[in-house]
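A look at the structure
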Amino acid sequence: RKLLPDPVPGMEIDHLELPPGARMIGVPHTPGTREYLTCERGRIRLVASGDAYELDEGDVVAFRGDQKHSYENAGRGTAIGFSVVVLVSPLVPHA
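Overview of the structure. Numbering of residues begins from 1 in every chain and follows the order in which that chain's sequence is written. Given that the model is predicted, a residue must reach a pLDDT of at least 70 before its local features are reported, and side-chain atom pairs must reach 80 or more before they are shown or counted; all residues, however, enter totals for whole chains, interfaces and linings. Note that the side-chain values use all heavy atoms of the structure and ignore hydrogens as well as water.

**Brief notes about a nonpolar patch on the surface**
A cluster of nonpolar side chains, Val8, Met11, Tyr36, Val60 and Val86, forms an exposed patch at the surface whose accessible area comes to about 390 Å². Strands are runs of DSSP state E lasting at least two residues, helices are runs of H or I lasting at least four, and both sets are numbered from the N terminus onward. When you line up the elements, valine 86 lands in strand 8 (residues 79-86). Patches here: salt-bridge-free residues with over 30% relative accessible area, like charges joined within 9 Å, nonpolar side chains (Val, Leu, Ile, Met, Phe, Trp, Tyr) joined within 5 Å. Method for areas: the Shrake-Rupley scheme with a 1.4 Å probe, in which residue coverage is limited to the protein chains shown. Each reported salt bridge corresponds to a side-chain nitrogen of Lys or Arg within 4 Å of a carboxyl oxygen of Asp or Glu.

Structure below.
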């Protein structure tokens, strides 16, 4: 669910709640987008472009948000995480 009450241009912040065994497919964003995922509770497995990252409570990972990615509860209880997406405008050149 979205955490910001008003839209902030170029940014999304989402609260992720994944029950045991749940998997959520992320939608690739515009080219150049960065995404940051932190695990608040439980264990979350992020798969981004075929690379897997295991996040325990307090861990954070940054990755390219313009690629295929998914989030999975890798633990036994409900996993809670937060995703911060910093979008790049398609009109702005990027490296």
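**Some thoughts on the nonpolar core**
Of all hydrophobic cores here, the largest spans 13 residues; its most connected members are Leu37, Ile44, Leu46, Leu55, Val61, Phe63 and Tyr71. Per-element accounting of this core gives the leading share, three residues, to strand 4 (residues 43-48). Contacts are residue-level and defined by heavy atoms, with any inter-residue pair within 4.5 Å sufficient. Dropping the residues within four chain positions of it, leucine 46 is found in contact with Leu37, Asp51, Ala52, Tyr53, Leu55, Val61, Phe63, His69, Ser70 and Tyr71. To define a nonpolar core, start from buried Ala, Val, Leu, Ile, Met, Phe, Trp, Tyr and Cys residues and group those joined through side-chain atoms within 4.5 Å. Burial classes: relative accessible area under 20% of the type maximum marks a residue as buried, over 50% as exposed, and values in between as partly exposed (1.4 Å probe, protein chains only).

**With respect to the sheet that holds strand 6 (residues 60-64)**
A pair of strands counts as paired when DSSP detects no fewer than two bridges linking them. With antiparallel pairing, four strands are arranged side by side in an open sheet as 1-8-3-6. Every interior strand has two partners, whereas the edge strands, strand 1 (11-18) and strand 6, have only one. Ignoring strand direction, the axes of neighbouring strands in this sheet form an average angle of 20 degrees. With eight bridges joining them, strand 1 and strand 8 adopt antiparallel strand pairing. Bridge pairing in strand 8 links leucine 18 to alanine 79. Only C-alpha atoms enter the line fits that serve as axes; for helices the fit covers just the stretch in contact. Angles between N-to-C directions range over 0 to 180 degrees.

**So, the sheet that holds strand 5 (residues 51-56)**
Sheets are built from strands paired through backbone hydrogen bonds, the pairs being either parallel or antiparallel. Across the sheet, four strands lie side by side as 2-7-4-5; this open sheet has antiparallel pairing. Whereas interior strands pair on both sides, the edge strands pair on one side only; in this sheet they are strand 2 (23-26) and strand 5. Sheet twist, expressed as the average angle between the axes of neighbouring strands with direction ignored, equals 20 degrees. With five bridges connecting them, strand 4 and strand 7 (residues 69-73) associate as antiparallel partners. Across the sheet, residue isoleucine 44 finds its bridge partner in strand 7, namely asparagine 73.

**Observations regarding the pattern of salt bridges**
Under the counting rule described, the total for this entry stands at five salt bridges. Between glutamate 54 and arginine 43 there is a salt bridge, and its shortest N-O distance comes to 3.9 Å. Residue glutamate 54 is located in strand 5, and its partner arginine 43 is located in strand 4; the two are separated by eleven residues in the primary sequence. With a closest N to O distance of 3.2 Å, glutamate 72 and arginine 45 form a salt bridge. Of this pair, glutamate 72 sits in strand 7 while arginine 45 sits in strand 4, and the two are 27 residues apart along the sequence. Since its relative accessible area comes to 24%, glutamate 72 is described here as partly exposed. For arginine 45, a relative accessible area of 25% gives the class partly exposed. Each of Arg43, Arg45, Glu54, Asp56 and Glu72 takes part in a single network of salt bridges with overlapping partners.

Without other data, these values stay purely geometric and don't point to any function.
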